[in-house]
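Here is how the chains run, residue by residue.
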Amino acid sequence: DNEDYDSDDYAKTLALGTMILRKSKEKAMVDASYNRYAWNDPSDLPDWFVDDENKHYRPQLPIPQELVDKMKAKYLHLATKPIAKVAEARARKSKMAKNKLAAAKKKAD
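Quick look at the structure, then.

The rules we used
Residues numbered from 1 in each chain as written. Predicted model: local features only at pLDDT ≥ 70, side-chain atom pairs only at ≥ 80, totals over all residues. Heavy atoms only, no water. Helix = DSSP H or I, 4+ residues; strand = E, 2+ residues; numbered from the N terminus. Buried < 20%, exposed > 50% of the residue type's maximum accessible area, 1.4 Å probe, protein only. Contact = heavy atoms within 4.5 Å. Areas by Shrake-Rupley, 256 points an atom, 1.4 Å probe, with all protein chains shown as cover. Phe/Tyr/Trp six-rings, centres within 6.5 Å; stacked < 30°, edge-to-face > 60°. Axes fitted to C-alpha atoms, helices over the stretch in contact; angles between N-to-C directions. Parallel < 35°, antiparallel > 145°, perpendicular 65-115°, else oblique. Left-handed = near helix turned anticlockwise from the far one by under 90°. Expected span 1.5 Å × (residues − 1). Arc of directions from axis to C-beta. Nonpolar A, V, L, I, M, F, W, Y, C, P; charged D, E, K, R; others polar.

## Structural notes on the overall build of the protein chain
Line of reasoning, step 1. The helix and strand tally for the protein chain stands at five helices and zero strands.
Line of reasoning, step 2. Along its sequence from the N terminus, the protein chain presents helices and strands in the succession α-α-α-α-α.
Line of reasoning, step 3. A buried classification covers 6% of the 109 residues belonging to the protein chain.
Line of reasoning, step 4. Within the protein chain, contacts between residues at least 6 apart in sequence are counted, and of these 77% link residues at least 24 apart.
Line of reasoning, step 5. When the accessible surface of the protein chain is split by element, carbon and sulfur atoms take 56% of a total near 10,100 Å².

## Structural notes on the packing of aromatic side chains
Line of reasoning, step 1. Counted by the stated rule, this structure contains two aromatic pairs.
Line of reasoning, step 2. With centroids separated by 4.4 Å and ring planes inclined at 50°, the aromatic side chains of Tyr 10 and Tyr 75 adopt a geometry described as tilted. In this pair, Tyr 10 sits in helix H1 (residues 7-20) while Tyr 75 sits in helix H4 (residues 65-80), placing the two residues 65 residues apart along the sequence.
Line of reasoning, step 3. A residue is classified by how much of its surface remains accessible, and Tyr 10, at 39% relative accessible area, is partly exposed.
Line of reasoning, step 4. Judged by relative accessible area, which is 31%, Tyr 75 ranks as partly exposed.
Line of reasoning, step 5. Summarising the aromatic geometry, the rings of Trp 48 and Phe 49 are spaced 5.8 Å apart at their centres and angled 85° between planes, so their arrangement reads as edge-to-face.
Line of reasoning, step 6. In this structure Trp 48 comes out as exposed when scored by relative accessible area, which is 62%.
Line of reasoning, step 7. With a relative accessible area of 29%, Phe 49 lands in the partly exposed category.

## Describing the packing of H1 against H4
Line of reasoning, step 1. Two elements in contact, H1 and H4, have axes separated by 8 Å at closest approach and are oriented at 115°. It follows from the interaxial angle that H1 and H4 lie roughly perpendicular. Between H1 and H4 lies a crossing whose hand is right-handed. Along its contact with H1, which presents Ser 7, Asp 8, Tyr 10, Ala 11, Lys 12, Leu 14, Ala 15, Thr 18 and Met 19, the element H4 presents Leu 67, Val 68, Met 71, Lys 72 and Tyr 75.

## Description of H4
Line of reasoning, step 1. End to end, H4 covers 22 Å across 16 residues, agreeing with the expected 22 Å (1.5 Å per residue, within 8%).
Line of reasoning, step 2. Regarding H4, the residues found buried are Leu 67, Val 68 and Met 71. One side of H4 holds all its buried residues, which, seen down the axis, span an arc of 100°. Summarising the geometry of H4, the exposed residues directed more than 90 degrees from the buried face are Glu 66, Lys 70, His 77 and Thr 80.

## Observations regarding the packing of H1 against helix H2 (residues 23-33)
Line of reasoning, step 1. Look at H1 against H2: their axes get within 7 Å of each other, and the N-to-C directions meet at 115°. By the angle class used here, H1 and H2 are roughly perpendicular. Here H1 contributes Leu 16, Met 19 and Ile 20 to the contact with H2, which in turn contributes Lys 25, Glu 26 and Met 29.
Line of reasoning, step 2. Here the contact of H1 with H2 is built from residues that sort into four nonpolar, no polar and two charged.

So this is what it looks like as structure tokens:
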């Protein structure tokens, strides 16, 4: 399901979520979503036209670019951070290798 989203879309979604946390911005965004074309959906139009209208008749949400960049950096930072279980597994693997090396040295002497 998330294959259609890239990091820009995810960052925009996070930015919208942070903007909605403030009641004043939430109210302004909801008020801006109503326009005269909101429920003007005739059923006898061709599919390609309805798809095009869905793309272009929605109002553009005023998302500040610096907020999107901040969310993108935060998301990329979280994505590059190693997971705790992976780090623990790597530590166990290196500990076992050290123990095997110490046992081999002890056996050789």
